[in-house]
Amino acid sequence: MIKINKSLGTELKSRQFECLSLNLFNLTNKEAAKILNISEYTVKSHLYSALLYLNISKTDFFNFVIEKNVFEILTYYGSQLVKAKCSRSNQKKN
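Residues numbered from 1 in each chain as written. Predicted model: local features only at pLDDT ≥ 70, side-chain atom pairs only at ≥ 80, totals over all residues. Heavy atoms only, no water.

Draft legend 1. Structural detail: unusual backbone geometry. The phi angle at Asn 37 is positive, at roughly 60°, despite the residue not being glycine. Take Asn 37: it is sitting in the loop between helix H3 (29-36) and helix H4 (40-54). Looking at Asn 37, the relative accessible area reads 69%, which means it is exposed. (Helix = DSSP H or I, 4+ residues; strand = E, 2+ residues; numbered from the N terminus. Buried < 20%, exposed > 50% of the residue type's maximum accessible area, 1.4 Å probe, protein only.)

If you want it as structure tokens, here you go:
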């Protein structure tokens, strides 16, 4: 998290970071909410706050991530969140 905040030149909160990382996977707010175990509205709020803080639009987000050289970090983090959710779901089934 420290590395990404340094690269972005800002201090994002952990939930903002999580929502942005899942956004890179083109998940809907509803899908991201299920993974994070929060409401869809909360995901939307975190995304809005993060983009406002970074002073970029949602459409510029992908280019921003590439320019700041944080694509790999965000996608890795997002994939770990998805993997953890799948793991929890499989444990509940057993």
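From this point, the narrative continues.
Draft legend 2. Structural view of the packing of H3 against H4. Relative to each other, H3 and H4 sit at 105°, their axes nearing to 8 Å. When the interaxial angle is binned, H3 and H4 end up roughly perpendicular. Contacts from Asn 29, Lys 30, Ala 32 and Ala 33 of H3 reach H4 at Glu 40, Val 43, Lys 44 and Leu 47. (Axes fitted to C-alpha atoms, helices over the stretch in contact; angles between N-to-C directions. Parallel < 35°, antiparallel > 145°, perpendicular 65-115°, else oblique. Contact = heavy atoms within 4.5 Å.)

Draft legend 3. Structural detail: the nonpolar core. By size, the foremost hydrophobic cluster in this structure holds 22 residues, and its most contacted members are Leu 20, Phe 61 and Leu 74. Listing elements by their share of this core, those giving two or more residues are helix H2 (14-23), H3, H4, helix H5 (61-67) and helix H6 (71-93). Top contributing element to this core by residue count: H4, with 5 residues. Look past the residues within four positions of Phe 61 in its chain and what remains in contact with it is Leu 20, Asn 23, Leu 24, Leu 51, Ile 56 and Leu 74. (Core = buried A, V, L, I, M, F, W, Y, C linked by side-chain atoms within 4.5 Å.)

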